[in-house]
Amino acid sequence: MFKKLDYINQGLECVFMEKMVAPLSSWPWENFGMYKYLLYGPLIGKAIHSFMEEDRIKDEWFIHILILCALRGLIYCAWSSFVNMLFLTFNRRINQQGYDFKQIDKEWDWDNFVILQAMMATLACYVFPLFTENVPLWNSKGFIAILLLHVGISEPLYYWMHRFFHGNYMFKNYHYLHHSSPVLHPYTGGTATFLEHLLLTTIIGIPIIGSLMMGYESKIMIYGYVLVFDFLRCLGHSNVEIIPHRLFQMLPFLKYFIYTPSYHSLHHKEMGTNFCLFMPVFDAVWKTLNPNSWELHKEMSANSSEKKGRVPDFVFLAHVVDVLSSMHAPFVNRAFASLPYTARLFLLPGWPGAFLVMLVMWARAKPFLISFYNLRGRFHATWAVPRFGFQYFLPFAQEGINKHIEDSILRADRDGVKVISLAALNKNEALNGGGTLFVNKHPDLRVRVVHGNTLTAAVILNEIDPSQVNEVFLTGATSKLGRAIALYLCQKRVRVLMLTLSTERFQKIQKEAPLEYQNYLVQVTKYQAARNCKTWVVGKWITPREQRWAPKGAHFHQFVVPPVLPFRRDCTYGDLAAMRLPDDVQGLGSCEYTMERGVVHACHAGGVVHLLEGYKHHEVGAIDVERIDLVWNAALKHGLKPVSSK
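Draft legend 1. Summary view of helix α1 (residues 41-52). Between the first and last C-alpha of α1 there are 17 Å, a value that for 12 residues agrees with the 16 Å anticipated at 1.5 Å per step. Of the positions making up α1, those classed as buried are Leu 43, Ala 47 and Ser 50. Buried positions in α1, seen along its axis, are confined to an arc of 70 degrees and lie on one side of it. Exposed and facing more than 90 degrees away from the buried side of α1 are Pro 42 and Met 52. The secondary structure elements touched by the buried residues of α1 are α2 (60-83) and α5 (112-127).

Draft legend 2. Up close: helix α25 (residues 628-637). Three or more residues of α25 are buried, namely Ile 628, Val 631, Trp 632, Ala 634 and Ala 635. Down the axis of α25, the smallest arc covering the buried residues is 165 degrees, so these residues share one side. Elements that come into contact with the buried residues of α25 comprise α20 (453-461), α21 (480-490), β14 (578-580), α24 (602-613) and β16 (641-642). Phi turns positive one or two residues past the end of α25, at Gly 639, with a value near 90 degrees.

Draft legend 3. How the structure looks around the environment of Arg 446. Assignment of secondary structure puts Arg 446 in the loop between α19 (436-441) and β7 (448-450). A relative accessible area of 59% means that Arg 446 is categorised as exposed. For the pair formed by Arg 446 and Asp 413, sequence separation is 33 residues and the distance between their alpha carbons is 6.0 Å. Ignoring anything within four residues of it in the chain, the contact list for Arg 446 reads Asp 413, Arg 414 and Lys 418.

Draft legend 4. Representation of the pairing of strand β8 (residues 471-474). On β8, burial covers both faces: Glu 471 and Phe 473 on one face and Val 472 and Leu 474 on the other are all buried. Of the strand pairs in this sheet, β8 and strand β9 (residues 495-499) are connected by four bridges, and their pairing is parallel. Bridge pairing in β9 places Leu 474 opposite Met 498. Each parallel crossover has a hand, and for β8 linked through α21 to β9 it is right-handed. One ladder, built from two bridges, connects β8 with strand β11 (residues 535-538); its direction is parallel. Residue pairing across strands places Phe 473 opposite Trp 536, the latter belonging to β11.

Draft legend 5. Summary view of a nonpolar patch on the surface. Among the surface-exposed residues, Leu 247, Met 250, Leu 251, Phe 253 and Phe 257 lie close enough to one another that they form a single nonpolar patch of about 500 Å² accessible area. Residue position: Met 250 is located in helix α11 (residues 245-250).

Draft legend 6. A look at the environment of Phe 556. The topology assignment puts Phe 556 in strand β12 (residues 555-558). In this structure Phe 556 comes out as buried when scored by relative accessible area, which is 0%. For the pair formed by Phe 556 and Val 538, sequence separation is 18 residues and the distance between their alpha carbons is 6.7 Å. Apart from residues lying up to four places away in sequence, Phe 556 is in contact with Trp 536, Val 538, Ile 542, Gln 547, Ala 550, Cys 571, Thr 572, Tyr 573 and Gly 574.

Draft legend 7. Structural view of the sheet that holds β12. In spatial order, the strands read β10-β9-β8-β11-β12-β13; together these six strands make up an open sheet with parallel pairing. Here the strands that pair on one side only, and so sit at the sheet edges, are β10 (521-524) and β13 (572-576). Within the sheet, the average angular offset between the axes of one strand and its neighbour, ignoring direction, is 20 degrees. Along the sheet, α21 makes contact with β8, β9, β10 and β11, crossing β9 at roughly 160 degrees.

Draft legend 8. Structural context of the packing of aromatic side chains. Applying the stated rule across the entire model yields 37 aromatic pairs. Taking the centre distance of 6.1 Å and the plane angle of 55 degrees together, the rings of Tyr 225 and Phe 229 count as tilted. Note that Tyr 225 and Phe 229 are positioned in helix α10 (residues 219-236) at a spacing of four residues, about one turn of the helix. What makes Phe 229 buried here is its relative accessible area of 3%.

Draft legend 9. Broad picture of the confidence of the model for the protein. Model confidence for the protein is summarised by a mean pLDDT of 91, while 94% of its residues fall at 70 or above. Low confidence marks residues 1-19, where pLDDT is under 50. Its contacts with residues over four positions away, or in another chain, come to 23 contacts.

Draft legend 10. Structural view of the nonpolar core. Of all hydrophobic cores here, the largest spans 62 residues; its most connected members are Ile 208, Phe 229 and Phe 278. Ranked by residue count, the leading element in this core is α10, at 10 residues. Here Ile 208 is in contact with Ile 146, Ile 222, Tyr 225 and Val 226, once residues within four sequence places are set aside. Residues Ala 457, Ala 602, Leu 612 and Leu 640 belong to the second largest nonpolar core, which totals 61 residues.

Draft legend 11. Examining the pairing of strand β4 (residues 368-375) more closely. For β4, a buried count of eight out of eight residues is recorded, marking the element as mostly surrounded by other parts of the structure. In this structure, β4 lies alongside strand β5 (residues 378-388), joined through seven bridges in antiparallel fashion. By the bridge assignment, Ser 371 is partnered in β5 with Thr 382. Between the antiparallel neighbours β4 and β5 lie two residues, among them Arg 376 with a positive phi of about 55 degrees.

Draft legend 12. Up close: the state of the cysteines. Tallied over the full model, the rule gives zero disulfides. Of the cysteine sulfurs around Cys 77, a residue in no disulfide, the closest is that of Cys 234, at 9.3 Å. Considering cysteine sulfurs only, Cys 591 is the nearest to Cys 603, which forms no disulfide, with 16 Å between them. What makes Cys 603 buried here is its relative accessible area of 8%.

Draft legend 13. Summary view of the packing of helix α6 (residues 140-165) against α10. For the pair α6 and α10, the least separation of the axes is 11 Å and the interaxial angle reads 40 degrees. Seen from above, α6 lies across α10 with right-handed handedness. Each of Gly 142, Phe 143, Ile 146, His 150, Ser 154 and Tyr 158 in α6 lies in contact with α10, whose residues at this interface are Ile 220, Met 221, Tyr 225, Phe 229 and Arg 233. Grouping the amino acids of the contact of α6 with α10 by side-chain chemistry returns seven nonpolar, three polar and one charged.

Draft legend 14. Summary view of the pattern of salt bridges. Evaluated as defined, the whole model comprises 18 salt bridges. One salt-bridge network, in which partners are shared between bridges, spans Lys 36, Asp 109 and Asp 111.

Draft legend 15. Broad picture of the sheet that holds β16. Spatially, the three strands line up as an open sheet ordered β15-β14-β16, and their pairing is antiparallel. Of all strands in the sheet, those with a lone pairing partner are β15 (599-601) and β16, marking the two edges. Sheet analysis places β14 next to β16, joined by two bridges and oriented antiparallel. Within the sheet, the bridge partner assigned to Met 579 lies in β16 and is Pro 642.

The rules behind the values
Residues numbered from 1 in each chain as written. Predicted model: local features only at pLDDT ≥ 70, side-chain atom pairs only at ≥ 80, totals over all residues. Heavy atoms only, no water. Helix = DSSP H or I, 4+ residues; strand = E, 2+ residues; numbered from the N terminus. Expected span 1.5 Å × (residues − 1). Buried < 20%, exposed > 50% of the residue type's maximum accessible area, 1.4 Å probe, protein only. Arc of directions from axis to C-beta. Contact = heavy atoms within 4.5 Å. Pairing = 2+ DSSP bridges. Right-handed = clockwise from strand over helix to strand, strands pointing away. Patch = residues over 30% accessible without salt bridge, like charges linked within 9 Å, V, L, I, M, F, W, Y side chains within 5 Å. Areas by Shrake-Rupley, 256 points an atom, 1.4 Å probe, with all protein chains shown as cover. Salt bridge = Lys/Arg side-chain N within 4 Å of Asp/Glu carboxyl O. Axes fitted to C-alpha atoms, helices over the stretch in contact; angles between N-to-C directions. Phe/Tyr/Trp six-rings, centres within 6.5 Å; stacked < 30°, edge-to-face > 60°. pLDDT = per-residue confidence, 0-100. Core = buried A, V, L, I, M, F, W, Y, C linked by side-chain atoms within 4.5 Å. Disulfide = S-S within 2.5 Å. Left-handed = near helix turned anticlockwise from the far one by under 90°. Nonpolar A, V, L, I, M, F, W, Y, C, P; charged D, E, K, R; others polar.

Here's what the structure looks like:
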């Protein structure tokens, strides 16, 4: 099989290079994408046909195979959700690094082995029809038989096969894929080459077929063996130590009969040790047991509830937008969270469950960790306040929301966090004065509270070239961002049409401008005033009807949440202010709401810059216009880039 590589060299045409890959290393359906699930089609058809027939006992195993596939997928997904529940598992993580986009993409097709084993199980139903008929529901002898076959054949066979794949040729051409994931995850257990899973299928099948041939088969035995096998594979690759060390202290022999996540993690660090499938006794017998296995387990599990994980240097305090977007979290679906959020039909069945979780979150009322990444040796975490967007507009809810934000700030202060940045509505002016409320109430805070809007203003302003633009129409003109944008542009001799009905608030802002620039600020009260202005800066949501006043070819810059609807086809619309994180960011594996991979909202980036620059002041309340260029240049210096310059 050949793999095609494309590259362009100094403007020449694309040249295709072919590289031979090892036999059976690629999956036959590798290029099918989502269409690979059509391979279940014949099995589903056979199952439906057998179900509709009056005498369906003969073919009932086609239905069981489908049920098993669904249950196996559910086990892996449930483990993935648990592993990514950082608010539960963070202090138990063996490797503190996060899952990055590269690893997520590499493990995207982790479930290929389920399709393969479904096919082989279907084939077995045709090859051994006598053994698959009239299988009883329960047979106690079958459990003894399958356990003996597993321990006596599957475990040692896997051990030596595993060691064989660590040979130079086999590792280089096959086993490297499994070891290429820097942080273990349940999906890592399913990520391997086609040949490896062919052999693993044989290892799983030996105890099942053996018990069938001995006449000790039962449905519960087959279901139980396969599902327990998957459960233990996920356990070993979970990167979360959940087996208490006290268990091994009470029953020392157990440590040789059940492996732990920390035990298996050592195999991925020191690959010449800990080869067993599930039972370390075989490593002990053949002298490949890592001597640090029990010490690491003791360190990771003993008093884990009292251990404190690494304290982040920076916290981005976010909140959920709505019920559907609450499912855009790594602990719900890692793959979905690694893509920019958009409402999809497959989310609708999960809406009732998400709503119930929302109610539980309201009752719990405690911020929780949802993601983290590493930048320049600094640990950056995202906490979420358990409140939804619409609640911020309920007058009776504001006091409670501020209490949650305050608790988060005080918790960050106690833990030693250096900077906490308030996201979106958490810094709403009407709610808490852009964070001023907390700074005034707690003047001795060591953590720096930041709204990040200085960089937000800088991103918007750097999209407007004063040499090309002489007039701007500004909505939300008297808001925190609107004021800063107006004052900055007027000093660049750009005429700013400020839409506001409050003459008092307009005049207050106008007086802040130097005397020679005050005439560049003009109050307008109707959208009609902008019918000849092609540059709109939208800070307050505008309807399609209001957009009609923009002339043909106008561009809508915006800092309004949610973004305005792109109603005009003869106009262009900018995205929300955002910046791309530096290329050396590590452990970033989820997208920030609708942002692309590696892109964060400008207020998030503003907090990052505040940390990297080591600023000692709080950035709350009104934006200091004099600092806009300073913060912008600092962001560029640290490798952050505006999204428009990808």
